Amino acid sequence: MADVPPQPPKPPQNLWLAVLPGLLVFSAATGMFIRSSMDTRAAASAFTQPAPLEQPASSGKPAENELLRCVEVYGVTMHTSEDYVPERGGYATARRKNAPNYISTVLRGMMRNNCGRPLPRVEAQLEVTADDGATGLGWVAAGNLAAGQGGSFEKAWMGRVTSYKVVRVR
């Protein structure tokens, strides 16, 4: 018998079955990447595009005396604490040994927009009275309020506050 020249091996008949899992994984990963890119773009556009503005019932912000009537300040609570820690340069300082306690009062409450139109940056000026008769003025803000919407505020005063009244609203 004569020598038969060697023949190259035949490729397996089912080569495509070996490649199929890789193609499926690649196409699934590509699809997930495209979907997440579209979701990310949609989320980013919510931050970068301005929200549609509500149409006010009338143009402009109401006058101060009208705001005093239509912005409701309610639910104000006063929390007195003897654990106030004074700050110096933006950093809390430790109380010295045998130093007197500092008394502070935190007022927390709500403001509601009953004006019938959206109000940007609602602020109210409060006059507080301490137990020793001293008075003080301070502004509290509830942010942007749509018609009928309420917002919370918080403000701290040194001393024991016993009463408050709303002086102005802007």
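Everything that follows concerns the structure shown earlier in this document.
Residues numbered from 1 in each chain as written. Predicted model: local features only at pLDDT ≥ 70, side-chain atom pairs only at ≥ 80, totals over all residues. Heavy atoms only, no water.

(A) Expanded view of the overall build of the protein. Within the protein one finds 2 helices and 8 strands. Each helix (α) and strand (β) of the protein, taken in turn from the N terminus, gives the series α-α-β-β-β-β-β-β-β-β. (Helix = DSSP H or I, 4+ residues; strand = E, 2+ residues; numbered from the N terminus.)

(B) Structural detail: the state of the cysteines. Going through the model one piece at a time under the given rule, you end up with 1 disulfide. Residue pairing for C70: its cysteine sulfur links by disulfide to C115, the two sulfurs lying 1.8 Å apart. Torsion about the S-S bond of the C70 and C115 cystine: about 70°, corresponding to right-handed handedness. Residue C70 is located in helix α2 (residues 64-70), and its partner C115 is located in the loop between β4 (104-113) and β5 (119-130); the two are separated by 45 residues in the primary sequence. Given the relative accessible area of 10%, C70 is considered buried. Owing to a relative accessible area of 12%, C115 belongs among the buried residues under this scheme. (Disulfide = S-S within 2.5 Å. Buried < 20%, exposed > 50% of the residue type's maximum accessible area, 1.4 Å probe, protein only.)

(C) Just the nonpolar core, in detail. Membership of the largest hydrophobic core comes to 20 residues, with the highest contact counts inside it found for L67, V71, L107, M111, V122 and F153. Where this core is concerned, the elements lending two or more residues are α2, β1 (71-81), β4, β5, β6 (135-145), β7 (150-158) and β8 (161-169). It is β5 that contributes the most residues to this core, 5 residues altogether. With residues up to four places along the chain from it excluded, the contact list for F153 reads V73, V76, L107, R108, G109, M110, M111, L126, V140 and A141. (Core = buried A, V, L, I, M, F, W, Y, C linked by side-chain atoms within 4.5 Å. Contact = heavy atoms within 4.5 Å.)

By themselves, these are just geometric observations and shouldn't be taken as functional.
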